Amino acid sequence: MNPLGSLKYHLNVNLLGRSFLRFDRMRLTRRMRRVGFWKNEYLSPPLMTSPWLKELIASHYLKGRYANGHGPVAWVTSGGPVEFLVALGYYVLYPENHGAVCGIRRSAEDLCIMAEGHGYSRDICSYARTDFGAMLGGKTPVGRLPRPDLLLCCSNICQTVLLWYRVLAHHFKVPLILVETPFLYRDALPHQVDYVKRQLEAGVEVAEKVAGRSLTPSALGLVARRSKEASLLWAEIMTCGKQCPTPITAFDEFIHMAPIVEMRGEQFTVDYYRAMLAELKGRIEHKLGALKNEKKRILWDNLPIWYRMRRLSQLLAERGVAMVASTYTNAWGELAEMMDSSKPIESAARVYLHPILNRGTGHKLETIENMAREYQADGIILHSDRSCKPYSVGQMDQREKLAKEMNLAALLLEADHNDPRVYSDEQAENRLEAFLEVLGA
Amino acid sequence: MDMSTGKITIPGRTETIRAHKARGGKVAAVFPIHYPRALLRACGILPVEVWGPPGMDTSQGDAHLQSYTCPIVRAGLTFLLQGGLEQVDLIVVPHACDSLQGFGSILLDFIKPAQPIVPFYLPRDSGEPARRFLVAEISRVLDELCEIDCKRPSSEEIAQAIEREERADSLLAELLAQAAQLPISDRDLYRVVRSREYLPSEEFKEAAKALLERKTEKARSGIPVLLSGIVPEPAGLFDAIAAAGGRVAGDDLCCSGRRLYPKGKGDDPLVRMADGLLSGPPDSTRGSVVDARLDHLMDLVRRHQARGIIFYSMKFCEPELFYLPQLQQGLQAAGIRSVVIESELDQHFPDQAVTRIEAFLENVK
């Protein structure tokens, strides 16, 4: 930390930025309350907490913009055990989330092209290419990304992230904490849990050294408690989708999941999800569905197609199809009960070993089957994501089983979560139309 | 394989499997890349590796795996579905990448072949926690092998198997190091080198020794290049290099050079096995540090006086593709030229790749 850096941080983030963002939130909230604000024929108005979400995300990237010089910065994978970093005062950036922001704002394609110009193949993950493009060209729709002092890679979402973070470590010349989570073909074995725990303990030492401070049990306990609380709230939010009509769709969840991914362990994340849940409960009470006329209910498997969210959302809404849940957003809530803030490291070892992506294809099928029953789904769209092999491999067999054994209408939709060049609107929508016909929508 | 100075016979995979089974042994089909070979041998199992095979019509596998999955995995699954692995008693699937991870998982959960599936996880780190984990992981594999009616070896038998495999590995290292002095084409040399993928180590050693005895003083002609990648398939690659006036001087292939494990340390045979596996050359599929990969490549180039590097990259192979730009950049800064040739495990080596190799060799000679 240097005094000038901290001064700049406080001035831009705490003084100017916070005031501006709070004002903007109030302005948007007022606008949403105006009669005639919402004109969509098929979709209900967005949640009133949406401006708050916008404020949180903008504030997160604003803090990042001025983080260097103010405190330590870590870049972390989305499934990474972030609690000890937050407790040590790190500003934490998630390149995958940043990639999603770039996807939504339609700047991912240019960033991918930038990375490809530096030799990165189109056959590697488009999140990674988006990140490399931003790293090499310095362009990002969020202003500026802070340079990392530390990298934390947890392989519980894919092996790709390890390769990606090796590239980052080479580029930035900073330490990389690797938390490997052996893939669980079956139930976790003691040596697998023990391996993750030992790596976490070793990782804490590295993070302490880089941050120049020690991790206190009370600070870690507090962050772990908040992390669990937010995860429980997030899980409860998603269960609202079980209501008919559902007050929230998976498209909403894709957007509202940002804090649970990149702001875990913070009190404002807990506060935000508590408010969001209260609003959803209010919608349930008033039978206000996310769609004005819900006729059919479907699930989504895999990452969203960030650059086509609005179009797909609208297309399904027009046909009265509510996407009531997704395996992807579910992943950030389903393990909440496993968290034990009184044993933060031991419990983290077990929790971070168990995400859906670190478990077998049969487990994912079971998860989908349970969700289909609980959410009363009529069908499922399995996004075959060229950029995410761990999520996609297995879908062809899963589709067969879901169709034959559960009589679910199941569509395999070929796309890429962040690279629009491999997505064809015409082809995808033709397939979607055929699927909707089968669904009876 | 006939050579001007003598004859070395290398049996094929099918013949080797038959002979081993006739002796009452079991056979494991092993997918790439790293696995405890000595453990399987100590249990009386002959590992026979499956690297594709190339040139398969993968439509049967494509009913389970998307087109953007690794070509080796898609070909391997098709081979399995077509009955190509009927003779084997078990299937070992090491965890080398997301494609192999998914492959192992769908075999266990959906395809469920007649043979037991034994997954194996090699840690990508090499510190003490990884070492401890790997010992436990090898021990788990041993238990699984015993559960499927393989004999449980004593510690001494495991130690002996390790020694046999270490000797075979050192002979493989010698073959690759002496390649320039061997009176044999690259295509034929790699028939011997790659027989390590399925021959019992005793037979491999005989073949390797016989070939090394033919060593000459004079180096073979041709522009020396380093070959880096996963697997040199189709073998027409060697013909293309030779036709363009080159020869393979150094090996950084996953199927051969990246599996030259040094002798492991430790009194306990499982610890020794784990140590050896974790001490192998830097490899993208093990998630090695980029600088370690770069230093290793530069060292190979220096040792073999190679004029450049051919990166023979497999389509959709993320472990290789992620590293390539920084490796090429580092090599360029060191004055070492390189070219990337992409392969899809076709039956025939594509003309476009031949042209790229010709152009590359013209520039480095």
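Computed from a prediction, not measured in an experiment: that's the story for all the values here. (Residues numbered from 1 in each chain as written. Chains lettered and ligands numbered in written order. Predicted model: local features only at pLDDT ≥ 70, side-chain atom pairs only at ≥ 80, totals over all residues.)

Participant: Kindly report on the overall build of chain A, identifying the contributing residues and their values.
Facilitator: Check the secondary structure of chain A and you find 19 helices and eight strands. For chain A, the C-alpha radius of gyration of 21 Å lies close to 22 Å, the compact-globule estimate for 441 residues. If one aligns the C-alpha atoms of chain A with their principal axes, the spans along those axes are about 60 × 55 × 50 Å. Sequence separation of 24 or more characterises 79% of the internal contacts of chain A that already satisfy a separation of 6 or more. (Helix = DSSP H or I, 4+ residues; strand = E, 2+ residues; numbered from the N terminus. Rg over C-alpha atoms; globule rule 2.2 N^0.38 Å. Contact = placed C-beta atoms within 7 Å.)

Participant: A description of the overall build of chain B should follow, citing residues and the corresponding values.
Facilitator: Counting secondary structure elements, chain B contains 13 helices and 10 strands. Expected size for 365 residues packed as a compact globule is a radius of gyration near 21 Å; at 20 Å, chain B falls within 12% of this value. The C-alpha extent of chain B, read off along each of the three principal axes, is 55 × 45 × 40 Å. Within chain B, buried positions represent 55% of all 365 residues. Considering only intrachain contacts with a sequence separation of at least 6, the fraction spanning at least 24 residues in chain B is 72%. (Buried ≥ 20, exposed ≤ 12 C-beta atoms within 10 Å, placed from the backbone.)

Participant: Which residues make up the packing of helix 7 (residues 186-193) of chain B against helix 9 (residues 236-243) of chain B, and what values do they have?
Facilitator: Residue and element names in this part refer to chain B. In contact at an axis separation of 8 Å, helix 7 and helix 9 are set at 145° when each is read in the N-to-C sense. Here the hand of the crossing between helix 7 and helix 9 comes out right-handed. Counted together, Asp186, Arg187 and Tyr190 of helix 7 and Phe238, Asp239, Ile241 and Ala242 of helix 9 form the full contact between these two elements. (Axes fitted to C-alpha atoms, helices over the stretch in contact; angles between N-to-C directions. Left-handed = near helix turned anticlockwise from the far one by under 90°.)

Participant: Could you give me a rundown of the sheet that holds strand 3 (residues 150-154) of chain A, with the residues and numbers involved?
Facilitator: Residues and elements named next belong to chain A. Read across the open sheet, the four strands follow the order 2-1-3-4; overall the sheet is parallel. A single partner strand is all that each edge strand has here, and the edge strands are strand 2 (91-93) and strand 4 (176-179). The mean angle between the axes of side-by-side strands here comes to 20°, regardless of whether they run parallel or antiparallel. Where strand 3 and strand 4 come together, four bridges link them in parallel fashion. Residue pairing across strands places Cys153 opposite Leu178, the latter belonging to strand 4. Taken strand by strand, helix 7 (residues 160-172) contacts strand 1 (73-76), strand 3 and strand 4, and its axis lies near 170° from that of strand 3. (Pairing = 2+ DSSP bridges.)

Participant: If you had to explain the environment of Asp149 of chain B to someone new, which residues and values would you point to?
Facilitator: Residue and element names in this part refer to chain B. Tracing the backbone shows Asp149 in the loop between helix 5 (128-147) and helix 6 (155-177). A count of 10 C-beta atoms within 10 Å places Asp149 in the exposed class. In the structure, Asp149 is positioned 106 residues away from Cys43 in sequence and 9.7 Å away in space, judged by C-alpha atoms.

Participant: Run through the pairing of strand 1 of chain A, naming residues and quoting values.
Facilitator: All names here are of chain A. Of the two faces of strand 1, the one lined by Val73 and Trp75 and the one lined by Ala74 and Val76 are each fully buried. With three bridges joining them, strand 1 and strand 2 adopt parallel strand pairing. Bridge pairing links Ala74 to Val92 in strand 2.

Participant: Could you give me a rundown of the pairing of strand 5 (residues 90-95) of chain B, with the residues and numbers involved?
Facilitator: All names here are of chain B. Most of strand 5 sits out of view: six of its six residues are buried. Judged by which residues are buried, strand 5 turns out to be covered on both faces: Leu90, Val92 and Pro94 on one side and Ile91, Val93 and His95 on the other are all buried. Note that strand 3 (residues 26-30) and strand 5 share three bridges and pair parallel. Bridge pairing in strand 5 places Val30 opposite Val92. Pairing between strand 5 and strand 6 (residues 117-121): five bridges, direction parallel. In the strand pairing of strand 6, Ile91 is matched with Ile117. In terms of handedness, the path from strand 5 via helix 4 (residues 98-111) over to strand 6 forms a crossover that is right-handed. (Right-handed = clockwise from strand over helix to strand, strands pointing away.)

Participant: Tell me what's going on with the interface of chain B and chain A, and back it up with residues and numbers.
Facilitator: Each side of the interface is counted separately: chain B has 42 residues, and chain A has 38 residues. Within the residue set of the side of chain B that touches chain A, elements represented by two or more residues are helix 4, strand 6, helix 5, helix 11 (290-303) and helix 12 (318-333) of chain B. Considering each element in turn, the side of chain B that touches chain A owes the most residues, 10 residues, to helix 4 of chain B. Its residues placed into classes, the side of chain B that touches chain A shows 21 nonpolar, 12 polar and nine charged. (Nonpolar A, V, L, I, M, F, W, Y, C, P; charged D, E, K, R; others polar.)

Participant: Give me the lowdown on the environment of Ala242 of chain B, citing residues and values where you can.
Facilitator: Residues and elements named next belong to chain B. Locating Ala242 in the fold gives a position in helix 9. In the structure, Ala242 is positioned 195 residues away from Pro47 in sequence and 32 Å away in space, judged by C-alpha atoms. When residues no more than four places from it in sequence are discounted, the contact partners of Ala242 are Ser185, Asp186, Gly222 and Arg247.

Participant: An account of unusual backbone geometry is needed here, citing residue identities and associated values.
Facilitator: Each neighbour pair has its own omega, and for Cys244 of chain A with Pro245 of chain A the value is -5°, a cis peptide bond. Assignment of secondary structure puts Pro245 of chain A in the loop between helix 9 (217-239) and helix 10 (250-256). The step from Glu233 of chain B to Pro234 of chain B runs through a cis peptide bond, and the omega angle for that step is -5°. On the secondary structure map, Pro234 of chain B appears in the loop between strand 7 (223-229) and helix 9.

Participant: So what's going on with the nonpolar core? Which residues, and what values?
Facilitator: Within the largest apolar cluster, 260 residues are counted, with the highest numbers of intra-cluster contacts made by Leu85, Leu151, Leu299 and Ile380 of chain A together with Ala28 of chain B. Setting aside anything within four residues of it in sequence, one finds Leu299 of chain A in contact with Val324, Ala325, Ser326, Ile368, Met371, Ala372, Tyr375, Ala377 and Ile380 of chain A. (Core = buried A, V, L, I, M, F, W, Y, C linked by C-beta atoms within 7 Å.)

Participant: How would you summarise the confidence of the model for chain B if you had to cite specific residues and measurements?
Facilitator: Close reading of the predicted structure is inappropriate where its pLDDT is low. When pLDDT is averaged along chain B, the result is 95, and 98% of the positions lie at 70 or above. Interface confidence for the predicted complex, expressed as ipTM, amounts to 0.96; the pTM equals 0.96. (pLDDT = per-residue confidence, 0-100.)

Participant: Give me the lowdown on the sheet that holds strand 6 (residues 321-326) of chain A, citing residues and values where you can.
Facilitator: Residues and elements named next belong to chain A. Judged by pairing direction, the sheet is parallel, and its four strands sit side by side in the order 6-5-7-8 without closing on themselves. Both edges of this open sheet fall to strand 6 and strand 8 (409-415), since each of them pairs with a single strand only. Adjacent strand axes in the sheet meet at a mean angle of 30°, parallel and antiparallel pairs treated alike. Bridging between strand 5 (residues 296-301) and strand 6 involves five bridges; their strand directions are parallel. Looking at strand 6, one finds that Arg297 is bridged to Ala322.

Participant: Which residues make up the packing of helix 5 (residues 108-117) of chain A against helix 6 (residues 126-137) of chain A, and what values do they have?
Facilitator: Residues and elements named next belong to chain A. Running from amino to carboxyl end, helix 5 crosses helix 6 at an angle of 75°, the nearest separation of the two axes being 7 Å. Considered as vectors, helix 5 and helix 6 are oriented roughly perpendicular to each other. Every residue of helix 6 that contacts helix 5 at Ala108, Leu111, Cys112, Met114, Ala115 and Glu116 is listed here: Ser126, Arg129, Thr130, Phe132, Gly133, Ala134, Leu136 and Gly137. Taken together, the residues of the contact of helix 5 with helix 6 break down into eight nonpolar, four polar and two charged. (Parallel < 35°, antiparallel > 145°, perpendicular 65-115°, else oblique.)

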